[in-house]
Amino acid sequence: GDLDKVVNLLLSLSGRLARVENVLSSLGENANNEERSSLNEKRKLLAGQHEDARELKENLDRRERVVLEILGNYLSEEQLQDYQHFVKMKSALLIEQRELDDKIKLGQEQLKCLMESL
């Protein structure tokens, strides 16, 4: 459960941080300083939150190694490898699911814009 939460948190923060950075980079020279300052502050806050989330992930990885060590005393080598594969695939599938959800959302937004333009 913690793995799901931390991976989703990292993905969410990464996406938000990327969007803020994209907006910042697309601001022209005539953008007002208040808007630029606000976006820089938001980027700074998101970067700090992202770093905190990375630390949570590192702590979770340490806990995972401890659990793996304990399970090594009770499971066969094959069962242990199955467990490791499950944990790795769960993270990969969470990331893939998030990417697909983002693509679906983008497609729906594009479709809405196209329908409005007709």
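Scoring rules and cut-offs
Sequence order as written defines the numbering, with residues in each chain counted from 1. Predicted model: local features are reported for residues with pLDDT of at least 70 only, side-chain atom pairs are reported and counted for 80 or more only, and whole-chain, interface and lining totals are derived from all residues. The basis for every side-chain value is the complete set of non-hydrogen atoms in the structure, without hydrogens or water. UniProt positions are given in the numbering used here, feature names are shortened, and annotations may be inferred rather than shown by experiment. When a carboxyl oxygen of Asp or Glu is within 4 Å of a side-chain nitrogen of Lys or Arg, the pair counts as a salt bridge. To qualify as a helix, a DSSP run of H or I must reach at least 4 residues; to qualify as a strand, a run of E must reach at least 2; elements of each kind are numbered from the N terminus. Categorising residues by exposure relies on relative accessible area from a 1.4 Å probe, with only protein chains included: less than 20% of the type maximum marks a residue as buried, more than 50% marks it as exposed, and the intermediate range marks it as partly exposed. Interaxial angles span 0 to 180 degrees and are taken between N-to-C directions of axes, which are lines fitted to C-alpha atoms, for helices over the stretch in contact. Here roughly perpendicular refers to angles of 65 to 115 degrees, roughly parallel to angles under 35, roughly antiparallel to angles over 145, and oblique to all remaining angles. Rotating anticlockwise by less than a right angle from the far helix to the near helix defines a left-handed crossing, while the corresponding clockwise rotation defines a right-handed one. Candidate patch residues must exceed 30% relative accessible area and have no salt bridge, after which like charges are joined if within 9 Å and Val, Leu, Ile, Met, Phe, Trp or Tyr side chains if within 5 Å. In this description, accessible areas are obtained by the Shrake-Rupley approach with a 1.4 Å probe, and a residue is regarded as covered only by the protein chains that are shown. In summary, the charge assignment counts Lys and Arg as positive and Asp and Glu as negative, without counting His or the chain termini. In this description, the location of a charge corresponds to atom NZ of lysine, CZ of arginine, CG of aspartate or CD of glutamate.

- Taking an unreviewed UniProt entry as the reference, the protein is identified by name as SHRM3 protein belonging to Sagittarius serpentarius.
- Listed under Sequence similarities (unreviewed entry) in UniProt, the entry text for the protein is "Belongs to the shroom family."
- Its UniProt record gives the protein the following Subcellular location (unreviewed entry) comment, quoted word for word: "Cytoplasm, Cytoskeleton".

### Structural notes on the pattern of salt bridges
Part 1 of the argument: All told, the structure shown has four salt bridges when counted by the stated rule.
Part 2 of the argument: Here D4 and K90 are joined by a salt bridge, their closest N and O atoms 3.6 Å apart. One end of the pair, D4, is in helix α1 (residues 2-26); the other, K90, is in helix α3 (residues 77-117), and 86 residues separate them in sequence.
Part 3 of the argument: With a relative accessible area of 23%, D4 lands in the partly exposed category.
Part 4 of the argument: The salt bridge partner of K57 is D61, with a shortest N-O separation of 2.6 Å. Taken together, the residues K57 and D61, both in helix α2 (residues 33-72) and four residues apart, mark about one turn of the helix.
Part 5 of the argument: For D61, a relative accessible area of 23% puts it in the partly exposed group.

### Considering the packing of α1 against α2
Part 1 of the argument: In contact at an axis separation of 9 Å, α1 and α2 are set at 155° when each is read in the N-to-C sense. Taken together, α1 and α2 sit at an angle that is classed as roughly antiparallel. Two packed elements cross with a definite hand, and for α1 against α2 that hand is left-handed.

### Some points on a positive patch on the surface
Part 1 of the argument: Residues R16, R19, K42 and K105 make up a contiguous surface patch of positive charge.
Part 2 of the argument: You can call K42 partly exposed: its relative accessible area is 41%.

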